[in-house]
Amino acid sequence: MKKILLAALLGALVVLCSACAVQSDIPRGYTQKEEHFDENGFQNYTDYCKYYYADTSAIENNKRFQKLTADQVQDIKDYFKNFAQWMEAEGRSEEYDFAPSCINAGDYVCKVKDSFEDYTILFFDTQSGVLYYIHNNS
């Protein structure tokens, strides 16, 4: 019984830590959020979140974000394509509603790491005012 309780507590701690890590990356000022954390993740996890902003200055004035150029658009689309494949493989497609066609030059991105094995992308769609957070290290 103690082992089951310990395992449950560890699982809850991992989900809580994952959520805390996300919150530290997200600029303040969003008015609404949708978060889909990997409930089974421990060291390897896949998270998808959306944050809605009425005022885009929180992103546009954030030094961590860079404005996308036309040359960078395909690179970011490739990460979202890879991420969609992971969500599908994990049976979580119903949580994932991102449309890569919204990625355009002039949007903003913060990319952490540069490989398909371990990455975090924060993509801000300037037209909709939505910040998309994807993380995968599966």
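Some words on the pattern of salt bridges
Working step 1: Using the criterion set out here, one finds seven salt bridges in the structure.
Working step 2: Arg64 serves as the salt-bridge partner of Asp25, at 3.9 Å between the closest nitrogen and oxygen. One end of the pair, Asp25, is in helix H1 (residues 2–25); the other, Arg64, is in the loop between helix H2 (57–60) and strand E3 (66–67), with 39 residues separating them in the sequence.
Working step 3: Residue classification places Asp25 among the partly exposed positions, given a relative accessible area of 23%.
Working step 4: Between Lys50 and Glu34 there is a salt bridge, with the nearest N and O atoms lying 3.7 Å from each other. Remark: Glu34 occurs in strand E1 (residues 30–36) and Lys50 occurs in strand E2 (residues 46–53); sequence separation between them is 16 residues.
Working step 5: Of the residues examined, Lys50 reaches a relative accessible area of 8% and is grouped as buried.
Working step 6: Classification of Glu34 as partly exposed rests on a relative accessible area of 28%.

Calculation criteria
Residues numbered from 1 in each chain as written. Predicted model: local features only at pLDDT ≥ 70, side-chain atom pairs only at ≥ 80, totals over all residues. Heavy atoms only, no water. Salt bridge = Lys/Arg side-chain N within 4 Å of Asp/Glu carboxyl O. Helix = DSSP H or I, 4+ residues; strand = E, 2+ residues; numbered from the N terminus. Buried < 20%, exposed > 50% of the residue type's maximum accessible area, 1.4 Å probe, protein only.

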